[in-house]
Amino acid sequence: MAPLLALENISKRFGAVVVADSVNLALAEGEALGIIGPNGAGKTTLFGIAAGTVAPDAGRVIFAGEDITRLPPERRCRKGIARSFQVPQPFSGMTVFENVVVAAAFAGGVREASVYDACADLLDRCGLADKANKRAGGLTLLDRKRLELARALATKPRVLLLDEVAGGLTEHECAALVTLIKDVRAGGVSIVWIEHVVHALLAAVDRLLVLHGGKFIAEGDPRSVIRSPQVAEIYMGIAADA
Amino acid sequence: MSQGKYQAEHATHSSRIGVTLIGATFVVLALAPFWGDRQTLRLLAEIFTFVALASLWNLLAGYAGLVSVGQQAFVGLGGYLLFALVILLDVHPIAAILIAGPIGALVAVPVATLIFRLRGAYFAIGTWVVAEVFRLLASQISALGGGSGISLPAAVVIAMAPSRQLREFETYWLALALTGAVLGAIVALLRSRHGLALTAIRDNEVAAQSNGIDVTRIKFIVYMLTGFGTAMIGALIFLMKLRISPDTAFSVNDWTAFVIFITVIGGIGRIEGPIIGTIVFFMLRQALADLGSLYLLMMGAVAIVVMLWAPKGLWGLIAERFGWQALPLQRYLVLAPKTEQPGGKP
């Protein structure tokens, strides 16, 4: 079966730094994929390339059989690619509710009033119901991360790109997040998840890839990948708490 | 009509007070010819034009992120359109003001196509260059006085109204009506779907794009709309001045520097900002007018103090501290009250 989202021979360099070196990535429909790698490995850049905020130097981005390499971010969003940002990017002067309304109304290309119910439910699911009418700029980091996820989900994505959403969460919050992500996936959304919190990742993904120096150096079953010598080497002996 | 569990409400307690106050102020101002003298009317009309110009610039720079220092291009364009239409084509001055709007929007299309290729500071400089080109072009039109400018013919001015006093009333009401229309249009825009997108762009352009908003298209629309409004206000300003020249029409100081000052001290990116800013600006101007060039220094000092102590402007400071909004723009989620649903059964 053809992958839902594929990066084909993607290369990207910023000056002398190679952040993607002929990278290939294929996400099957309904799959949940995890990506780990040290800081500066090029993980977030790959998301930028998939979502359209970063233009690759070479290679193609394919979504649902269509070449979207030159499509701007808003068109990709409307096609069903949603992302969360590593550093939350809320519309800080707007209310939390307005934040998700924007995403639902514009990604769906539908009238504003028609998304109110779905947005209210979504805020409830993401634990933000009591803060719906608060200014997004005044949220705590945890709530900003929740909003980041709620807003991405509001676009009704087919592919959800999650960029370090679990960092800084307590054990309890992290478990709730994993449940939510599994739930989203059960709803038919394919997921690519970049994460340093490895145990959260292992609980939710089917396949794990290791990015290092702009290349995938290991790939496969999450629990065996995490124990592989390559991973041990790049993390310099830091044991994975799997 | 179907209605969901939830609906959004715009009004808050503070916005109800705000709208009432604004409505009352409007009525008092509309009656100004009956309580104010000539000087007062002239000053108020000038204030109105600055409220309108600053509100338009705020929409452009504060919301759409298009920091233009060349809006004098459209003020001058409007002014020259007024004189050209009235002198060369015998159009009634008020009709000329209304025609200046659509032409301003049309001219904005090629200008935007050109300068939208530039980003940030380059965009700002680009807008200024365009305004300078407009100024040079205007000085080449010998039928409109070339570089030295021209006055509106006395016959046209006299024909506007039976007496001088009535003509002054007419221009005053025109200024009030146009400014009211500009503000009303901006509020309507911000409350619309486009306004939702625009507010998102104001807060975070990258996130707006990633959430399905066509940022470039919205910016283009906003640039055209401000071209429309600014040209109209420009025509009005020069109907009040009765004389135009390239240097006054395309003055970066009068139509951009002061307008930026007003918007920044009042609160950029908030609809109330330019109104507060204009009031402060004119209070300072009236209070410091006797000080000569010292007055500009004082203005500069005020701008610096406000920027350091209240980087979001005076209204920004108030709004964030008390959560006020004078106009009902934000959407608040409320459970739809069942009894008030249209067609709802008790």
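Residues numbered from 1 in each chain as written. Chains lettered and ligands numbered in written order. Predicted model: local features only at pLDDT ≥ 70, side-chain atom pairs only at ≥ 80, totals over all residues. Heavy atoms only, no water.

Caption draft 1: Highlighting the pairing of strand E7 (residues 159-163) of chain A. All names here are of chain A. Counted residue by residue, E7 has five buried out of five residues, so it is predominantly covered. Pairing geometry for strand E6 (residues 81-83) and E7, over three bridges, is parallel. Across the sheet, the residue bridging to Ile81 is Val159, located in E7. Pairing analysis gives five bridges linking E7 to strand E8 (residues 190-194), with the strands arranged parallel. Pairing of Leu162 across the sheet is with Trp193, part of E8. Traced from E7 through helix H6 (residues 171-186) to E8, the parallel crossover comes out right-handed. (Buried < 20%, exposed > 50% of the residue type's maximum accessible area, 1.4 Å probe, protein only. Helix = DSSP H or I, 4+ residues; strand = E, 2+ residues; numbered from the N terminus. Pairing = 2+ DSSP bridges. Right-handed = clockwise from strand over helix to strand, strands pointing away.)

Caption draft 2: Molecular detail of helix H9 (residues 193-203) of chain B. Residue and element names in this part refer to chain B. Burial of H9 is extensive: eight of the 11 residues sit out of reach of the surface. All of the buried residues in H9 are Gly195, Leu196, Ala197, Leu198, Thr199, Ala200, Ile201 and Asp203. The distance from a side-chain oxygen at the start of H9 to the backbone nitrogen of His194 is 3.2 Å, and the residue carrying that oxygen is Ser192. (Polar contact = N/O pair within 3.5 Å; in protein donor to acceptor, adjacent residues only side chain to side chain.)

Caption draft 3: Here's a closer look at the pattern of salt bridges. Under the defined criterion, the tally for this structure stands at 26 salt bridges over all chains. Salt-bridge contacts for Asp21 of chain A lead to Lys215 of chain A; the nearest nitrogen and oxygen are separated by 3.4 Å. Taken together, the residues Asp21 of chain A in strand E2 (residues 17-27) and Lys215 of chain A in strand E10 (residues 215-220) connect sequence positions 194 residues apart. In this structure Lys215 of chain A comes out as partly exposed when scored by relative accessible area, which is 42%. Ionic pairing is found between Arg331 of chain B and Glu112 of chain A, a salt bridge with its closest N-O pair at 2.5 Å. Here Glu112 of chain A lies in the loop between helix H3 (96-108) and helix H4 (116-125) and Arg331 of chain B lies in the loop between helix H16 (313-322) and strand E4 (332-335), a pairing that spans two chains. Accessibility assignment for this pair places Arg331 of chain B and Glu112 of chain A in one class, buried. If you follow the salt bridges from partner to partner, you end up with Asp130, Lys131, Asp143 and Arg146 of chain A in one network. (Salt bridge = Lys/Arg side-chain N within 4 Å of Asp/Glu carboxyl O.)

Caption draft 4: The arrangement of the nonpolar core in detail. By size, the foremost hydrophobic cluster in this structure holds 164 residues, and its most contacted members are Leu160 and Trp193 of chain A together with Ile213 and Tyr223 of chain B. Looking at which domains feed residues into this core, each of domain 1 (1-80 + 159-242) and domain 2 (91-156) of chain A supplies at least three. When neighbours within four sequence positions are excluded, Leu160 of chain A is seen to be in contact with Ala82, Leu149, Ala152, Leu153, Val184, Val189, Ser190, Ile191 and Val192 of chain A. Counting 28 residues, the second-largest nonpolar core is a separate cluster that includes Leu33, Ile35, Phe47 and Ala51 of chain A. (Core = buried A, V, L, I, M, F, W, Y, C linked by side-chain atoms within 4.5 Å. Domains from an automatic or database assignment. Contact = heavy atoms within 4.5 Å.)

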